[in-house]
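Here is how the chains run, residue by residue.
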Amino acid sequence: MNLGYACLNMTLAKDKITSNRGMIKRTFIAKGLPYCSELALQNARDLFKIVQWNTRNNIKVFRMTSNMFPWMSEYELTDLQDWPKIENILKAIGKHANENDVRLSFHPGPFNILCSPKKEVVEKTIKELDQHSFILDTMGLEVSRKHKVNIHIGGAYGDKETAMKRWIQNFYKLSDSTQKRLTIENDDKVSMYAVEDLLYVSKKTNVPIVFDFHHYDCHPGILTKEQALKSALETWPKDIVPITHYSSSRKIYEDSTVKNVAHADYLYEPIPFTDKYVFDVVLETKMKELSRIKYLKEFTLHETT
DNA sequence: CCAGGTCAAGGGAGT
DNA sequence: ACTCCCTTGACCTGG
């Protein structure tokens, strides 16, 4: 099992090394593409530093932030004036990832709703998802779930089956690369999608399921944890190690006043089933790579390379 | 420099 | 009807 983390490196962020530079709408309107380009260039340079830091620390799985290109649903990346420079950096990051067997992925935000009954929402979602896979393609990363773009179904509207049918229809409108990279994740709300729901979509489209342990605890559905994990893992292609998400409940371990779904700063239980099944893990803890270090100290873990 | 308010989008839950 | 939460904390303003 390879243990990774998401988006932000707390250690490097102290030295202002981050790929999360963004802007609010007002600034986007005022400053437009030139400023997007400037931020994206800095973000790309810093992403390279983060990925290199990860390699030095033997971290092979990393979720990149969608903030890397601010407002990217509003323009083409190739229209940025610094695109040639940015493209070179992305290619260098991809080369580094390939040479070091690093898995880079994305998790676009909750506004990406492929099953929305609203045409504009679906169109915007398609554009944004395709932008994500375009970045991965530019990096030269294998077009497969080795480097995934992960989303939730996005809405239930009180009728999951109809919503899932819409999702499946719209799935085929995505770019070829996005179709080959997309994965779906189980939800943390009882009205939303548990693993057994996602299996329906997965069977129709071959889209694999990312099993989120914390979301399962919030919304288990009808399957036991092992059944849910196992059936999610089985949706992945045989030649790709499945990815899962893991975090501890903030409510149980750190602050009883918050909601169930809140993520804790650190991890408080060993990740289960790692001896029985093969999968990688993206940690979704607030303290990012620091929680990984703490976890490895507290829970003995045999990492595969 | 820092604290506090604010911030893109959709949908669901809580009040 | 309104507010908060979630991908992700970061941006922006005023002191």
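Here the structure is shown first, and the text comes after it.
Presented here is an overview of the structure given in this document. (Residues numbered from 1 in each chain as written. Chains lettered and ligands numbered in written order. Predicted model: local features only at pLDDT ≥ 70, side-chain atom pairs only at ≥ 80, totals over all residues. Heavy atoms only, no water.)

## Comments concerning the overall build of chain A
The helix and strand inventory of chain A stands at eleven helices and eight strands. A globule of 305 residues ought to have a C-alpha radius of gyration of about 19 Å, and chain A, at 19 Å, matches this closely. Projected onto its principal axes, the C-alpha coordinates of chain A cover approximately 50 × 45 × 40 Å. Residue burial in chain A is summarised as follows: out of 305 residues, 54% are buried. A sequence separation of at least 24 residues applies to 76% of the contacts in chain A between residues at least 6 apart. Roughly 13,900 Å² of accessible area belongs to chain A as shown, and the carbon and sulfur atoms make up 53% of that amount. (Helix = DSSP H or I, 4+ residues; strand = E, 2+ residues; numbered from the N terminus. Rg over C-alpha atoms; globule rule 2.2 N^0.38 Å. Buried < 20%, exposed > 50% of the residue type's maximum accessible area, 1.4 Å probe, protein only. Contact = heavy atoms within 4.5 Å. Areas by Shrake-Rupley, 256 points an atom, 1.4 Å probe, with all protein chains shown as cover.)

## What about the protein's contact with DNA strand B?
Around DNA strand B there are 20 residues in total, and Lys 25, Phe 111, Ala 156, Tyr 157 and Ser 191 lie nearest to it. In the interface set of DNA strand B, defined as its atoms within 4 Å of the protein, sugar plus phosphate atoms amount to 51%. Note that a phosphate oxygen of DNA strand B is positioned 3.2 Å from one of the side-chain N or O atoms of Lys 118. Contacts to DNA strand B include Ser 191, whose side-chain N or O atom sits 2.5 Å from a phosphate oxygen. Counting only elements with at least two residues in the surface near DNA strand B, the list comes to helix 2 (25–56) and helix 4 (119–139). (Near = heavy atom within 4 Å. Polar contact = N/O pair within 3.5 Å; in protein donor to acceptor, adjacent residues only side chain to side chain.)

## Quick word on the protein's contact with DNA strand C
In the region of DNA strand C, 19 residues are neighbours, and Gly 22, Thr 27, Arg 63, Gly 109 and Lys 288 sit closest. For DNA strand C, the backbone portion of the atoms within 4 Å of the protein, that is sugar and phosphate, comes to 74%. Within the backbone of Gly 22, an N or O atom sits 3.4 Å from a phosphate oxygen of DNA strand C. Here a phosphate oxygen of DNA strand C and a side-chain polar atom of Lys 288 are 3.2 Å apart. Across the surface near DNA strand C, the residue classes tally to seven nonpolar, six polar and six charged. (Nonpolar A, V, L, I, M, F, W, Y, C, P; charged D, E, K, R; others polar.)

## Remarks on the packing of aromatic side chains
What the rule picks out here adds up to twelve aromatic pairs. Both rings, one in Phe 211 and one in Tyr 216, keep their centres 5.7 Å apart while their planes meet at 45 degrees; by these two values the pair is tilted. By the ring-pair criterion, three or more aromatic residues cluster together here, those being Phe 211, Phe 213, Tyr 216, Tyr 246 and Phe 279. Positioned above the aromatic ring of Tyr 193, the side-chain terminus of Lys 160 is 5.9 Å from the ring centre. (Phe/Tyr/Trp six-rings, centres within 6.5 Å; stacked < 30°, edge-to-face > 60°. Lys NZ or Arg CZ within 6 Å of the ring centre and 35° of its normal.)

## Description of the nonpolar core
Looking at soluble globular proteins, one finds that nonpolar side chains tend to be buried together. With 81 residues, the main nonpolar core has Phe 69, Leu 104 and Trp 167 as its most contacted residues. Here this core takes ten residues from helix 2, the largest share from any one element. Once residues within four sequence positions are removed from consideration, Phe 69 is found in contact with Ala 40, Tyr 75, Leu 77, Leu 80, Trp 83, Ile 86, Leu 90 and Ile 135. (Core = buried A, V, L, I, M, F, W, Y, C linked by side-chain atoms within 4.5 Å.)

## Description of the pairing of strand 3 (residues 103–106)
Both faces of strand 3 are covered, namely the face carrying Arg 103 and Ser 105 and the face carrying Leu 104 and Phe 106. Pairing of strand 2 (residues 61–64) with strand 3, which is carried by four bridges, proceeds in the parallel orientation. Residue pairing in the sheet places Arg 63 in a bridge with Ser 105 of strand 3. As a crossover connection, the stretch from strand 2 through helix 3 (residues 83–99) into strand 3 is right-handed. (Pairing = 2+ DSSP bridges. Right-handed = clockwise from strand over helix to strand, strands pointing away.)

## Some remarks on the packing of helix 5 (residues 160–171) against helix 7 (residues 195–205)
Axis separation between helix 5 and helix 7 bottoms out at 10 Å; the angle between their running directions is 30 degrees. For the element pair helix 5 / helix 7, the angle class is roughly parallel. Considering only the axes of helix 5 and helix 7, their crossing is right-handed. Contacts from Lys 160, Met 164, Lys 165, Trp 167, Ile 168 and Phe 171 in helix 5 reach Asp 197, Tyr 200, Val 201, Lys 204 and Thr 205 in helix 7. Here the contact of helix 5 with helix 7 is composed, by residue class, of six nonpolar, one polar and four charged. (Axes fitted to C-alpha atoms, helices over the stretch in contact; angles between N-to-C directions. Parallel < 35°, antiparallel > 145°, perpendicular 65-115°, else oblique. Left-handed = near helix turned anticlockwise from the far one by under 90°.)

## Some words on the packing of helix 3 against helix 4
For the pair helix 3 and helix 4, the least separation of the axes is 7 Å and the interaxial angle reads 70 degrees. The angle between helix 3 and helix 4 places the two elements in the roughly perpendicular class. Packed against helix 3, whose contacting residues are Trp 83, Glu 87, Leu 90, Lys 91, Ile 93, Gly 94 and Lys 95, the element helix 4 presents Phe 134, Ile 135, Thr 138 and Met 139 at the interface. Of the residues contributing to the contact of helix 3 with helix 4, the split by class is six nonpolar, two polar and three charged.

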